[in-house]
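# Observations on chain architecture
Residues per chain, in single letters:
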Amino acid sequence: MAALTAVGCGSPSAPPTPSTLPTTSAAAPATTEPTEEPTPTVSVDSYAPPGWVDLSAVDPTILIDIRYHGSHNFLGRPVAGYLEPLCVLPEQTAQALHRVQLAARAEGYTLKMYDCYRPARAGADFVAWRDTPDQATKAEFYPSLSKADLFRLGFVGGAATSHSSGSAVDLTLVKLPAAPQRAYVPGEPLVACTAPAGERFPDNSVDMGTGYDCFDSLSHTLDGRITGEARENRLRLRRLMEAQGFVNYWAEWWHYDLANPPYPGQYFDFPVARAALP
């Protein structure tokens, strides 16, 4: 990662100034007359530049489980800017993932996306959460760390993250045929993300040794305590992703950056919603 400075949820850094948060000001996409019932429209305050897409339109076989749109995440609530559970990315990043998916399916797996483009306002929401006494999700997501540690150790950052540039994704592998996954019920008892797979929240992911967004050194991709099948799964994901130009963030087995990002050093803030796409 010598030439790559991006990290997982985002390295500790000062929020970008307005000049580093370019958005494309444009008229909302034209609508057509509905043939049956009208589809609810999400109102957005800014728009993506040309060339951004919904990953499901590029490859509908990739599973989507956007955790920051719901409550099963380390904030315990929907994160600012996630208006719809979509994986939004520049076309270049989406096509690279499509190629990874083709290779994964040939081996009997599918990709599952936890997070893709992340509005800068979401990073600001993380920082605001840090400065509150709320620790409702500590038992699952950061059982052995303080909230301040999450930022100090680079597990969580602010607005200046490669996710907000559209070059970073959080993902896992699911064995085909994909097993059903039950919905998270807000308020259900929490189990540490470091617990054995049979005790953690029942994600249909292959066992990666920890749950997603597990802020613990066990999540380091090559942590020596992760052995056997879980280690093999981490290495399989890394091999598949690296073959298509992605680089793993060493501290998080789930986080990958496109080595040649389409928008280096730029951080966007349009919301995650179909109405924000060109």
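Above this text you will find the structure in question.
Notes on the structure in this doc start here.

Cut-offs and rules
Residues numbered from 1 in each chain as written. Predicted model: local features only at pLDDT ≥ 70, side-chain atom pairs only at ≥ 80, totals over all residues. Heavy atoms only, no water. Pairing = 2+ DSSP bridges. Helix = DSSP H or I, 4+ residues; strand = E, 2+ residues; numbered from the N terminus. Contact = heavy atoms within 4.5 Å. Axes fitted to C-alpha atoms, helices over the stretch in contact; angles between N-to-C directions. Buried < 20%, exposed > 50% of the residue type's maximum accessible area, 1.4 Å probe, protein only.

## Digging into the sheet that holds strand 5 (residues 168-175)
Sheet architecture is open: five strands sit in the order 2-4-5-7-6, paired in mixed fashion. Edge positions in the sheet fall to strand 2 (63-64) and strand 6 (246-248), since each has one partner strand and no second. Pairing geometry for strand 5 and strand 7 (residues 255-258), over three bridges, is antiparallel. For Val169, the partnering residue across the bridge sits in strand 7 and is Tyr256. Where helix 6 (residues 228-242) meets the sheet, its contacts fall on strand 4 (109-115), strand 5, strand 6 and strand 7, and the angle it forms with strand 5 comes to roughly 125°.

## Description of the pairing of strand 5
Of all eight residues that make up strand 5, seven are buried, and the element is covered over most of its length. Pairing analysis gives six bridges linking strand 4 to strand 5, with the strands arranged antiparallel. Bridge pairing in strand 5 places Asp115 opposite Asp170.

## Quick look at unusual backbone geometry
Cis geometry is found at the peptide bond from Leu176 to Pro177, where omega equals -5°. You can see Pro177 is positioned in the loop between strand 5 and helix 6. Of note in the backbone geometry, Asp213 takes a positive phi value of approximately 55° without being a glycine. Within the fold, Asp213 resides in the loop between strand 5 and helix 6.

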